[in-house]
Amino acid sequence: MTRLSGGLIDRSQALSFTFDGKRYEGLSGDTLASALLANDVRLMGRSFKYHRPRGVLSAGSEEPNALVELRSGAWQEPNTRATVVELFDGLEARSQNRWPSLGFDALAVNDLLAPFLTAGFYYKTFMWPKGFWEKLYEPAIRKAAGLGSLSMQPDPDAYDRGYLHCDLLVIGGGGAGLAAALTAARSGARVILADEDFRLGGRLLRETDTLDEVHASEWISAMEAEFESLPSVRIMRRTTVFGVYDHGIYGAVEQVSDHLPQPGDQVRQTLWRITAKRAVLAAGAIERPIAFADNDRPGIMLAGAMRSYANRWAVCPSETVAVFTNNDDGHRTARDLAAKGIQIAAVIDVRPEAKARGDYRLIAEGMVTGSRGRLGLTAIEVQADGKSEWINCGALGVSGGWNPNVHLASHHRGRPIWSDDLQAFLPGEGGPSGLLPAGATTGCFSTAAALRSGAETARRALQEIGVAARLPELPRAEEEGYKIAPIFHVQGRRRAWVDFQNDVTVKDIKLAHTENMRPVEHLKRYTTLGMATDQGKTANVTGLAVMAELTGRTIPETGTTIFRPPYAPVALSVLGGGDTGPHFRPRRLTPTHYWAEARGAVFVEAGQWMRAQYFPLAGETHWRQSVDREAMAARSGLGLCDVTTLGKIDVQGPHAGEFLNRLYSNMMATLKVGRIRYGLMLREDGFAYDDGTCARLAEDHYVVTTTTANAGLVFRNMEFARQCLWPELDVQLISTTDAWAQIAVAGPKSRALLARIVDGFDLSNEAFPFMACAALTVSGGLRARLFRISFSGELAYEIAVAARYGHALMERLMELGADLGATPYGTEALGVLRIEKGHAAGAELNGQTTANMLGFGSMVSQKKDSIGAVMSRREGLASDRHRLVGLQPVDPAGKVVSGSHLFAEDAPHSFDTDQGWITSACYSPHQGSMIGLGFLDKGDERLGEVIVAANPLEGESARLRVVPAHFVDPEGVRLRE
Amino acid sequence: MLMPHPLLGLRDAREFSYLGDARLLDRPDPNAPDAEAAFCDYVFLRDNPAGVHRELWFHEQGDRSWLVVTRDTVTHEVLGAELARDVALARKGSGA
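Procedures and definitions
Residues numbered from 1 in each chain as written. Chains lettered and ligands numbered in written order. Predicted model: local features only at pLDDT ≥ 70, side-chain atom pairs only at ≥ 80, totals over all residues. Heavy atoms only, no water. Pairing = 2+ DSSP bridges. Helix = DSSP H or I, 4+ residues; strand = E, 2+ residues; numbered from the N terminus. Axes fitted to C-alpha atoms, helices over the stretch in contact; angles between N-to-C directions. Contact = heavy atoms within 4.5 Å. Buried area = accessible area lost by both parts, 1.4 Å probe. Salt bridge = Lys/Arg side-chain N within 4 Å of Asp/Glu carboxyl O. Nonpolar A, V, L, I, M, F, W, Y, C, P; charged D, E, K, R; others polar. Buried < 20%, exposed > 50% of the residue type's maximum accessible area, 1.4 Å probe, protein only. Lys, Arg positive; Asp, Glu negative; His and termini not counted. Polar contact = N/O pair within 3.5 Å; in protein donor to acceptor, adjacent residues only side chain to side chain.

Considering the sheet that holds strand β46 (residues 901-904) of chain A
Residue and element names in this part refer to chain A.
Part 1: Here six strands make up a closed barrel; going around it, the order is β45-β48-β47-β46-β49-β50 and the pairing antiparallel. For this sheet, the mean angle separating the axes of adjacent strands, direction not counted, is 45°.
Part 2: When β46 meets strand β49 (residues 946-951), the two strands line up antiparallel, connected through four bridges. Each bridged residue has a counterpart across the sheet, and for Ala 904 the counterpart in β49 is Ile 947.

Right, here's the structure in full:
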């Protein structure tokens, strides 16, 4: 058809687009839905369950039917509502849920099977055999009852996240919202006005009423000009506020470039987190249909939507239309369409007292009882005065009344309240505090009332936060009344749709009633009423009304389901923002990262840290070759490893020693200055928590280390102890993990290397023995800390310098140690070295082991209190006889697998006979076989015994010999040399 | 959610880590005869009221203050926040 007169479209700017591969033309200002209607396309989709032909029902974000797929390739986006898609040149759209074509859909056979596909059919029909549900029935049903499809490719678009603060957030840019924003803007308050549409004005754009005798769009333009001149006002078009969160925080999605053929260098959408002192909810109202037989044919739409298409977009789905209404508003549609030259076949009003508002045929006290037209409406059946007639028309506007859009006001479990006058729910008590509804959302349906309500509500909201605002002079506007009869559906034998998107009919609700699924939450889940992507915006109240009628209760007694965010569908991509791929979480790089990278290191993630795992050399084809070489270098010569990631916490103050006494199970206050002690922390429940070293640099200054994994948690617990448990102690903490680069220098030649770098510092065993620490300088004045500690069991040191010198220190050590065979090693070799030495690590300190099990029982001081000391002595923990042991295969080629369970030889492998488990295992180049660490019942008394390690996952078991956990230098001679 | 930090004003709740019941301030006397039973309660038993609750929050992405926050767990209304250190010192001072 040709366009009607008027409309807010730019007739000079034609836009080309395709739908199901066919090329069409629309105009700038169109939505996809209005452009399709302008091209006589009424059939836009197939229904979810019965594959019924469907056309557009609404002209807004509440649309249940016209869901389409947009774009192609990786940009393909399913389930987009054609009513909110802003047309652009080159837009590609496709219909969904049909095969082979929208006009002929093979699965429309489902419609004939409808008697078997009633509410809950899948619970009843697909019960046997049991295993078939998951494997056969559910996938088949999901395939048949589908929406759009995903591209299955990574999302190529960029997304962002933003934070905004304001005094007043105005949600909705219709008459009430504009009046609210105007009131607040003139008071000087910081205002954000958000509207989901690409054009401000809301309902004002869709009516012909004038404001001060001019078209509403002129008044809107003046408002926009004033707002744009004020720096305190931010207008956000294409922005949907989708949820209200605690303490005045609102979630909103801005469609930044969805309306452009290519996003260019812009993000596609932005997730806004808006913190507002107050908000005005001017979200308007949503019309609901009246359910009658076969009310879902393309061409049957909401009367208000039909008026919107005519007034804003200058389109009408047919040249002959009828209107079916139970309220005054339906007559406005007839009036406006008639004024545009559309033939009004009839207006059917259920009310006996109905009056025509123009020159058209009025059928008062009438009902629409049926419809015809396979892929589009051709005629409706009307009953009045006990007579039935068929009226030819290509479109029918239906108005069952307007539902104030109470969604956001009902978040936080706000309960809407029923208005008998409006036959609709209004915002009730208990909703989000600080959110004040206004305009049509509060039932002010006339333009004049909405404007007043917006201004007054904004003034009230600002008053609550101490801002004085004056009511602006508002334009004169229509102030018509609104009367409605409580008719929600027409009785009949044929199916009458309530929820179009999920194919829920009046019959389904009756069935739910018969089967006692009567409470609203049961009704919802049994019939799936309101559970589609539109959340039943056009369906829920009608559904409740039908159930209320069946149970003989009132609608408020029947109640509503809970409203939850999001108000409209939100893409998961925008919730993720830019946090994808490598940006998913921060990556921490060690000071020697780029040095290691240049040497071809293979990296491994350790929490947020990237650590060098091993450093392959030319000719090494398997990681074990590199790791064995690195471990042997540290044992026999010289190895270097970046250990910066270990947590480092500076503890200072007169009570530092006493504080650490209470944190560690062993004594720390007695540690001499210049010395280091191994420390074990327990949790308050008595289990082992974390270990590390405490170095005393001065009387009132300790540096403690934690494991890499627990660095943050231990620091948090230490702050808890300092502030919450013992605030009387004078002690201060700071995490210095990132401040100091720390490099382990391990191996018999480590002293020789360090002697080349320290500034006149005596490294002899007498002057600087095992477990000594000192502050010193290296390389001619660089401040450093030196710790003589050993994780490998060899003569070893750890040297720390300011993080920015870490890279240079590593280079210097490698250069000076070249003739000593200096070899960098990574986390794999580090693991091998510590297993060979029998040092506990994360696998042994997993939160389920005790100091006794680790062989540190005697470390838990009985002379003092410390965190976990009391509980470590309780029954069950103290009596656990598992002990850390070393394990070696009897057959040197045998495997040791961590996670294996330990059994006595010849014992059955069962829970009752289980004697322990293997925590760590590796190939030991030093031993020439695999080795392991594990906890074995009475392990300390069973050295030399042969046991069996069972690995039922792989159906394997191995004979292992129980040995001391120290495979290397059990007497600890080497590290003390 | 927003937390009224006693030193820093309103701060986003996402800057904080949550621990739970502020009774964790009351670590039992380890030398009392019933210490083990008292620690058992302290470690394992928490109140989980629907309504006003005093709980510990750690300003981990901020100034590292531990706070005692009074919050209505039903409405999420935050009724106040104090430095846990001040609360703990006051209790020790009063001999409680």
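Text resumes after the structure shown.
Digging into the interface of chain B and chain A
Part 1: Listed per partner, the contact involves 32 residues of chain B and 30 residues of chain A.
Part 2: Taken as a group, B:Arg27, B:Arg64 and B:Trp66 account for 25% of the area that chain B buries against chain A, more than any other trio of residues on that side.
Part 3: One can count six salt bridges joining chain B with chain A.
Part 4: A salt bridge links B:Asp12 to A:Arg273, with the shortest nitrogen-to-oxygen separation between them at 2.7 Å.
Part 5: Looking at the side of chain B that touches chain A, the elements with two or more residues in it are β3 (17-21), α1 (35-44), β4 (52-58) and α2 (84-93) of chain B.
Part 6: Counting residues per element, the side of chain B that touches chain A draws most heavily on α1(B), which supplies seven residues.
Part 7: Each residue belonging to the side of chain B that touches chain A can be placed in one class, and the counts come to 19 nonpolar, four polar and nine charged.

A look at the pairing of strand β22 (residues 379-384) of chain A
Residues and elements named next belong to chain A.
Part 1: Of all six residues in β22, five are buried, a share of seventy percent or more.
Part 2: Taken together, the six bridges between β22 and strand β23 (residues 387-392) define a ladder with antiparallel strand orientation. Bridging across to β23, Ala 379 finds its partner in Asn 392.
Part 3: Between β22 and the antiparallel strand that follows it, β23, lie two residues; Asp 385 among them carries a positive phi value of about 55°.

Re the side chain of A:Lys864
All names here are of chain A.
Part 1: Mapping Lys 864 onto the fold places it in the loop between α21 (827-837) and α22 (869-872).
Part 2: For the buried Lys 864, which has no salt bridge, the nearest side chain bearing the opposite charge is Asp 865, at an N-O separation of 7.8 Å.
Part 3: Within polar-contact distance, the side chain of Lys 864 engages the backbone oxygen of Asn 661 at 2.3 Å.
Part 4: Within the structure, the side chain of Lys 864 is placed 3.3 Å from the backbone oxygen of Asn 666, a separation counted as a polar contact.
Part 5: Excluding anything up to four places from it in sequence, Lys 864 contacts Asn 661, Tyr 664, Ser 665, Asn 666 and Met 667.

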